[in-house]
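Structural description and commentary
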Amino acid sequence: MSRLKTLSDEYQTLRARLEQGGGAERIKRQHEQGKLTARERVAALLDKDGPWVEIGLLVAWDQYDGQAPAAGVVTGLGRVGGRPVVVVANDATVKAGSWWPETIRKILRAQEIAMRQRIPIIYLVDSAGVNLPYQGGVFPGQYGAARIFYYNSIMRRYLKVPQIAAVMGPCIAGGAYLPGLSDVIFMVEGTSFMGLGGPNLVKGATGQVVDAETLGGAKTHTTVSAVAHYRAKDDKECLAKIREYLGRLPHAPKSQHTYAGPKRDIKALYELIPVDHRMSYDVRSLLECVLDAGRLDEFQPDVAPEMICGHGAIEGRQVAVIANSRGVIKGKNKNEAPRIGGIIYTESAEKVAYFIENADRERIPLLFIQDVSGFMVGTAAEHTGIIRAGARFVEAMATATVPKLVLTVNHASGAGYYAMAGQGFDPDFIVSWPTGRMGVMEGESAVQAVYGADAAKPDNVTAVDAMRADYEHQLDAKFAGARGFVDAILTPEETRDTLAFLLEVSTEFTGPHLGAFALPSLS
């Protein structure tokens, strides 16, 4: 079995487990309370048979002794009435939907997607509040829970991004500001509560004895306080009302594209990536499985062929492709040394920088297919100005104002990872195959950097083996997913459709795609 197939199967098994949230018993308890689970709510909200790209499913899966699947919150992208939306749904089957430190990161990432793409965001709230034993990672800091409310405010005041909140369970303390700073609030009779303090806290602070429904139930907030705006009798009616509300908002209908299917069967990708990640393969075969008709109009194909640049389309949407070509590439001249695919040389950096700047001028989204081992080192590279050329590559990528999508196929190493639109440069979306390997360098390179010729000495064997194992663990795509370094891990079958939907989402906003969001002129 191929490496890609083996790792994809392992990932799908893990995904199925994480999608169960807190498990069958807690799902049953949620149903007994008259509530749908977070994933059932998402499914009922979104268009039937429409796309769903879950963001951050693997976050925190390998932490907290497995007690925080998906960090207790479901976040992702789908369509409502044909319109792209972001959804944030607390999973009450996981520690009552309480907020772990990673929960905050996932909510912020979801908000940043909504802000950058200017698409509605729907919060399905069912949370007991901060997970108190971990409050030190939730409450304080620049990217603590307060940043959620900062983003709420920026979206309301300046970006005009619709924010719809449905309180479908508890919503307590500071968490109440999430719906409070949304445009409209829906509540569900009998199951929802919203208040800065629950009955127990109120009794302790004031001595007042009051039940939850009277204090902050759906009827109270829609008839007495007027904090909420709509009331529903159950979850299904609430979600139907949200769909109806979104349907009233202005939105240009989705343009219809006529396009050819890919040239090759997408399943052919399973045999593409070699068992040994260091071996070469034909990246053009990958493009033939992803691009319409498998067609790439290549830019300067005879210049720096270790970097492939060209124009294609995915389900009718134009895209400027930048891909690393793996393998050994013969020199153009008789005495010229061959080049190693996956390495960025001075000439290839200059070529890609120019191509990116052209795509930015032409307003064509960029798609980076990452399998990069880094920039070339050595006397020849330094003397040809690799540092300056690399800087031009990085600057062109970093300052491009068109959408940037990244698919990590294999290696994502060193400064080459940065230049190929690494996460620190705010690509609109970054996804990975299960074969993705993200790190400063490979384990063997790290061993040589630290131990050199001493790596083989008997006294160092244990430490060297431990270092190799540690690198192998951290280079696993699931490790990157657990820490939010990628938005999602995709199987080959999901790749083309997912990239097509992400292209659709990222072209909703025609303004500059820079930073987490771009403010309109305030002068």
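Not measured: the values here are computed from a predicted model.

With that settled, the discussion passes to the overall build of the chain. When you go through the chain residue by residue, the secondary structure sums to 19 helices and 20 strands. With the C-alpha coordinates of the chain rotated into their principal frame, the extents come out at 90 × 60 × 50 Å. For the chain, the share of sequence-separated contacts (at least 6 apart) that also reach a separation of at least 24 residues comes to 74%. As presented, the chain carries roughly 22,800 Å² of accessible surface, and 54% of it is formed by carbon and sulfur atoms.

Turning next to the nonpolar core. Ranked by internal contacts, the top residues of the largest apolar core, which has 72 residues, are Leu77, Met155, Leu286, Ile314 and Ile369. At seven residues, the largest contribution of residues to this core is made by helix 4 (residues 101–117). Aside from chain neighbours lying at most four places away, what touches Leu286 is Leu269, Leu272, Ile369, Val409 and Trp433.

Take the environment of Lys48 next. Looking at the secondary structure, you find Lys48 in the loop between helix 3 (38–45) and strand 1 (52–54). Note on Lys48: relative accessible area 76%, which makes it exposed.

A word on the pairing of strand 18 (residues 429–432). Where burial is concerned, the two faces of strand 18 agree: the one with Phe429 and Val431 and the one with Ile430 and Ser432 are both buried. Across four bridges, strand 17 (residues 404–413) lies against strand 18 in parallel orientation. Bridge assignment links Leu407 to a residue of strand 18, and that residue is Val431. In this fold, the crossover linking strand 17 to strand 18 by way of helix 15 (residues 414–419) has right-handed handedness. Relative to strand 20 (residues 488–489), strand 18 is paired through two bridges, and the arrangement is parallel. Within strand 20, the residue paired with Val431 across the bridge is Ala488.

Quick look at the packing of aromatic side chains now. In this structure the tally under the stated criterion is 14 aromatic pairs. Summarising the aromatic geometry, the rings of Tyr417 and Tyr418 are spaced 5.8 Å apart at their centres and angled 45 degrees between planes, so their arrangement reads as tilted. A relative accessible area of 10% means that Tyr417 is categorised as buried. Judged by relative accessible area, which is 48%, Tyr418 ranks as partly exposed. Aromatic rings pair up to connect Tyr64, Trp100 and Tyr134 into one cluster. Lying across the ring of Tyr270, Lys5 places its NZ or CZ 4.9 Å from the centre. Here the basic side chain of Arg339 rests over the ring of Tyr345, its NZ or CZ set 5.0 Å away from the ring centre.

Turning our eyes to something else, we now look at the side chain of Thr93. Relative to the assigned elements, Thr93 resides in the loop between strand 3 (83–90) and helix 4. Polar side-chain contacts of Thr93 include one of 2.9 Å to the backbone nitrogen of Gly22. In terms of polar contacts, Thr93 uses its side chain to reach the side chain of Asp91, at 2.6 Å. Excluding residues within four positions of it along the chain, Thr93 makes contact with Gln20, Gly21, Gly22, Arg26, Ile27 and Thr37.

Before going further, it helps to spend a moment on unusual backbone geometry. Despite not being glycine, Ala70 shows a phi value in the positive range, around 55 degrees. In this structure, Lys160 is a non-glycine residue whose phi angle is positive, near 55 degrees.

A word on a nonpolar patch on the surface. Taken together, Tyr158, Leu519 and Leu522 make up a surface patch of nonpolar side chains, about 280 Å² in accessible area. Turning to its location among the elements, Leu519 is positioned in the segment after helix 19 (492–506).

With that settled, consider the packing of helix 16 (residues 443–451) against helix 17 (residues 461–474). The interhelical angle for the contact between helix 16 and helix 17, taken along N-to-C directions, is 140 degrees, at an axis separation of 9 Å. With respect to helix 17, the element helix 16 is oriented oblique. Classified by chirality, the crossing of helix 17 by helix 16 is right-handed. Residues Gly443, Glu444, Ala446, Val447, Val450 and Tyr451 of helix 16 form the contact with helix 17, whose own contacting residues are Ala463, Val464, Met467, Arg468 and Tyr471. Here the residues of the contact of helix 16 with helix 17 sort into eight nonpolar, one polar and two charged.

Thresholds applied
- Residues numbered from 1 in each chain as written.
- Predicted model: local features only at pLDDT ≥ 70, side-chain atom pairs only at ≥ 80, totals over all residues.
- Heavy atoms only, no water.
- Helix = DSSP H or I, 4+ residues; strand = E, 2+ residues; numbered from the N terminus.
- Contact = heavy atoms within 4.5 Å.
- Areas by Shrake-Rupley, 256 points an atom, 1.4 Å probe, with all protein chains shown as cover.
- Core = buried A, V, L, I, M, F, W, Y, C linked by side-chain atoms within 4.5 Å.
- Buried < 20%, exposed > 50% of the residue type's maximum accessible area, 1.4 Å probe, protein only.
- Pairing = 2+ DSSP bridges.
- Right-handed = clockwise from strand over helix to strand, strands pointing away.
- Phe/Tyr/Trp six-rings, centres within 6.5 Å; stacked < 30°, edge-to-face > 60°.
- Lys NZ or Arg CZ within 6 Å of the ring centre and 35° of its normal.
- Polar contact = N/O pair within 3.5 Å; in protein donor to acceptor, adjacent residues only side chain to side chain.
- Patch = residues over 30% accessible without salt bridge, like charges linked within 9 Å, V, L, I, M, F, W, Y side chains within 5 Å.
- Salt bridge = Lys/Arg side-chain N within 4 Å of Asp/Glu carboxyl O.
- Axes fitted to C-alpha atoms, helices over the stretch in contact; angles between N-to-C directions.
- Parallel < 35°, antiparallel > 145°, perpendicular 65-115°, else oblique.
- Left-handed = near helix turned anticlockwise from the far one by under 90°.
- Nonpolar A, V, L, I, M, F, W, Y, C, P; charged D, E, K, R; others polar.

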